[in-house]
Every structure is written in structure tokens, then in C-alpha cells.
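Geometric and topological summary
Each chain, written out:
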Amino acid sequence: MISAAAVAMALTAPGQTAAVSVFVDPLIRDLGLSRSVVSTAYLLGTLTGAVVMPLLGRLIDRFGPRRVMATVGLCFGAILMLATIAGEAIGLTAAFVGIRVGGQGALTLVATTTVAIYVHQRRGFAVGVSSAIGAAGISLAPVLLERLVTEWGWRTVWIAEGFAVWALVLPAALLLLPRRPTPRTTVAGDDGGSRSRAAPVVDWTLSEALRTGMFWVVAGGVAVCALVTTGLNFHQLSVLGERGLSAAEAAATFVPQTVAGLVATFGLGWLADRFSDRVLIVLTMLVLALATVGAGWLTPGVTAVLYGAALGAAANGLRTLEAVAFPRSFGTAHLGAIRGVVHSVTVGASAFGPLFLALGRDAATSYRPALLAFAAFPVLITVAAVLVRTPPPVPPGRGTAGVHR
């Protein structure tokens, strides 16, 4: 089950900003479009994905991760191949709609929800393992794709990515995932270890979860992380080029980003079984703020490596934390619907990152002012995480009904 989720997560790479960033400059050059136009097309594609996520979350609750993962993988592979016919702004926008809905949206949601639904003992560690493997694939993809796009062209590479999704995601879903989740039987800690709070497993509804501060702090943290990292990764070559890095050196910063992301994913998964979600949110948000500011003042060499490491640690660590925090606080019966809304907010926020950074660069002839503005967002989430209260074991007003023992 963990292997299936990890494979699916890794194959979201064609729809993730880190991989798409390799295609940006070739698309601008071949299609004769400005950077702002390409960023706007990307924004529209990403916003469309945000609209679809709540519906997909409900489908996961109804049909289970196995069938949904297989269906999404089949559609995503076809979308990547069809995206090659894009020849102008409208066609590129349609391509980004499909790529972002299929990869960054649908396949990511089902991959990250799968482990939370199927695994009950030591859930934090299980999520950490699958997320780490998936994050490695996502982060290493740009290094390979940068070379392939140069040699083959962006159209051929999109076709190859489509075949890869079919060849790996479909067998992973159909052969590795069981048809039904195992029923929950435990009370005092569905992750099997010490927890930040001892509580029975409670299946909160979406409306009940929406009324808690913890839901919005976690959702806000993931959204801010998506906004900032999407903007930075989308314009990675340009942002780091302003600091004196070549295109190859800028793409190579994804390597320390991958290594740090792996360490953070394992580390946050392990820590999530033992410490409060609030403490870990504060930690990741502070790292993200430092990385964002650092992007405007780094230089080739050590500081560029540290920037990549900090960005990867914050992004991957927070994704792991979110996948653990919601089932721990709200149960799993409505987890797809709850995470679907969160993913919708996250995808919507990520849509604006590239455009905001591009507009900031156009207005100031430097990325530094926009980066400082971006850094304010994780600081605000840090303050909110300090003030928010942990949800009670049972939703207010429900009594003990719906508590699984």
C-alpha cells in the first residue's frame, strides 16, 4: 500500500511546478509568448484544478483510493500526450488545465490520502515513507527533464511522461492496493505510538472540521507553502539566474532540495507521532520564511545549496504533516472530503505564486521586493499556529455518538 502511494506520488511530477519549470523557457521561446502570459495560463490551469478537488475528495470517500487512483492515472497519461498539440496561448492554457488537474491536483490528492485511509498503526511514519519516496521522484525529475527537453524537445518529453504514468500508476493501483480499507479497531492512538494527545478515533464531518481553528491553520500553512514554493520553482532559472547561477546550476539546486525533502519527510513523519501539530507547523513555517528571503540574497555555492535544502525541507515536511494531522484530528470516514477542500485551497493558492512573482519582477526589475512580501505569509501562519487550540476528541454538540471504539 505504501509502495502504491509512493509510485503515484512520484508520477505526479509532470504536473508539479518543479518539473513544469523546465518547460517554461522553451515554451516561451517556441510559442512566442511572454513570461507573464505563460504565468497567467498556468494560473488558469491551476485554478481549474482547485475547483475539481472537493468533488474528487468525495469520490475517494465513496469509491475508495484503488479505483480513483487507476482512473486518474489513465486520464492523466492521456492528458500529457494531448498537451503536445498546444500552439498558442489558448492551447497552452488548456494544456496547463489538464496537467495541473491531473497531476498536481487529482493524483496528488489520492496518493497522499491513500496511506492515511489504509494505514492506522504508526501512520506518521507510514506517510513519511511514502511521501519521501514520492518527493524524491518529484524533486529529481527536473534534473532529468532539463536534459531530455534540450535533446528531444518539450513535445516529445510530454509524450514520454504520459506513457510513464500509464506504465507505473495503473499497475500500482490495480495490483498493490486492496479493494477495501481495513476497519479501525483501536482507540488510544491510531498511529501506534505516543501521540500529541490521547483521543479516540472520531469521524468528523466536513462541516464540523471547517468550524475548527486547527483546520484553517493547517490548510493555511499548506496553502502558503504552495504559493511560495510554486512561485519560486516556476521561475527557478530566472530567480537564481538573477543571483548569478547558470541554468544548469539553478536546476541542480533541486538536488539538495530533494535530499533535504527526504530527510524532512521522514523526520516530520516520525515527529508527528510524538509531538503537537502546532509545534511542527511553527517549525516548518519559519524554515520557509528563511528560504524565501534567502532566495533574493544567495550566491553561487554554499548559500544556493542551503536555499534548496530549506525550501525542500519546508515543502515536503509540511505535506507530510498535513496528511497526518487531519486523520488524527478528524478521523478517516470523511477524510477525502476534508482533504479535498484543503487541496482546493492549496491548489488555488499555488496558482497565484508564479504570476505574483512575475508581476513583482516586472514592477521592480528585481525579485527581492516580491520575495520579502512572500516571506510575510509564513510568519502570519506561525502566529496563528501559536494561538490556535487543538480540536477536542469529540465534535462539539455531538456527544459520544460516532466515536469508534
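Each chain carries its own residue numbering, running from 1 in the written order of its sequence. Local features in a predicted model are, by the rule used here, given only for residues with pLDDT of at least 70; side-chain atom pairs are given and counted only at 80 or more, and totals for whole chains, interfaces and linings are based on all residues. Hydrogens are left out, water is left out, and the side-chain values use all remaining heavy atoms of the structure.

Considerations on the nonpolar core
The cut-off we apply is this: Here the nonpolar core consists of buried residues drawn from Ala, Val, Leu, Ile, Met, Phe, Trp, Tyr and Cys, with membership extended through side-chain atoms lying within 4.5 Å. For the exposure calls, accessible area comes from a 1.4 Å probe over protein chains only, and a residue counts as buried if that area is under 20% of its type's maximum, exposed if over 50%, partly exposed in between. Should any heavy atoms of two residues lie within 4.5 Å, those residues are counted as being in contact.
The biggest cluster of nonpolar side chains holds 115 residues, and the ones touching the most others in it are Phe23, Leu107 and Phe215. Leave out the neighbours within four places in its chain, and leucine 107 touches Ala8, Leu11, Thr12, Met69, Val72, Phe76, Gly102 and Val169.

Considerations on a nonpolar patch on the surface
For clarity, the threshold we go by: Within the patch definition used here, like charges are joined within 9 Å and nonpolar side chains (Val, Leu, Ile, Met, Phe, Trp, Tyr) within 5 Å, considering only residues with over 30% relative accessible area and no salt bridge. Areas reported as accessible are Shrake-Rupley estimates using a 1.4 Å probe. Residue values count occlusion only from the protein chains shown. Salt bridge, as used here: a side-chain nitrogen of Lys or Arg that lies within 4 Å of a carboxyl oxygen of Asp or Glu. Helical segments are the DSSP runs of H or I of at least four residues, strand segments are the runs of E of at least two, and each set is numbered from the N terminus.
A contiguous nonpolar patch, built from Leu140, Val143, Val255, Val259 and Val263 and spanning about 400 Å² of accessible area, is present on the exposed surface. Looking at the nonpolar patch element by element, the count peaks at 3 residues for helix 12 (residues 254-272). As for its position among the elements, valine 259 is in helix 12. Given a relative accessible area of 48%, valine 259 falls into the partly exposed group.

Thoughts on unusual backbone geometry
The backbone phi angle of threonine 365 is positive, close to 55°, even though this residue is not glycine. Here threonine 365 shows up in the loop between helix 15 (335-364) and helix 16 (368-387).

Digging into the environment of valine 51
As for its placement among the helices and strands, valine 51 is situated in helix 3 (residues 35-63). A relative accessible area of 65% places valine 51 in the exposed class. Valine 51 sits 230 residues away from isoleucine 281 along the chain, and the two C-alpha atoms are 26 Å apart.

Considering the packing of helix 2 (residues 17-31) against helix 5 (residues 89-118)
Selection criterion: Only the contacting stretch of a helix is used when fitting its axis, a line to C-alpha atoms as for every element, and angles between N-to-C directions run 0 to 180 degrees. Oblique is the label for any angle not under 35 degrees, not over 145, and not in the 65 to 115 range, which are roughly parallel, roughly antiparallel and roughly perpendicular in turn. Three classes are used, and their members are as follows: Ala, Val, Leu, Ile, Met, Phe, Trp, Tyr, Cys and Pro are nonpolar, Asp, Glu, Lys and Arg are charged, and the others, Gly among them, are polar.
At a minimum axis separation of 13 Å, helix 2 and helix 5 run at an interaxial angle of 170°. The orientation of helix 2 with respect to helix 5, classified from their angle, is roughly antiparallel. Residues Thr17, Val20, Leu27 and Leu31 of helix 2 touch helix 5, and the partners they reach there are Leu92, Phe96 and Arg100. Residues of the contact of helix 2 with helix 5, tallied by class, amount to 5 nonpolar, 1 polar and 1 charged.

Here's the deal with the pattern of salt bridges
For the structure shown, the criterion picks out 5 salt bridges. For aspartate 25, the salt bridge identified is with arginine 35, shortest N-O distance 2.8 Å. Remark: arginine 35 occurs in helix 3 and aspartate 25 occurs in helix 2; sequence separation between them is 10 residues. A salt bridge links arginine 328 to aspartate 277; the shortest N-O distance between them is 2.2 Å. Within this pair, whereas arginine 328 is found in helix 14 (residues 302-330), its partner aspartate 277 is found in helix 13 (residues 277-294), the two being separated by 51 residues in sequence. The burial state of arginine 328 is the same as that of aspartate 277; both residues are buried.

Some points on the packing of aromatic side chains
As a reminder, the rule being used: Two rings from Phe, Tyr or Trp (for Trp, the six-membered ring) form a pair when their centres are within 6.5 Å of each other. A pair whose planes differ by under 30 degrees is stacked, one over 60 is edge-to-face, and the rest are tilted.
Applying the stated rule across the entire model yields 10 aromatic pairs. Measuring from ring centre to ring centre gives 4.6 Å for tyrosine 42 and phenylalanine 234, while their planes differ by 35°; the resulting arrangement is tilted. Taken as a pair, tyrosine 42 in helix 3 and phenylalanine 234 in helix 9 (residues 213-234) lie far apart in primary sequence, 192 residues in all. Of the two residues, tyrosine 42 and phenylalanine 234, both sit in the buried class. An angle of 85° between the planes, with centres 5.3 Å apart, marks the rings of tryptophan 154 and tryptophan 158 as edge-to-face. Taken together, the residues span about one helical turn, with tryptophan 154 and tryptophan 158 both in helix 7 (residues 154-176) at a distance of 4 residues.

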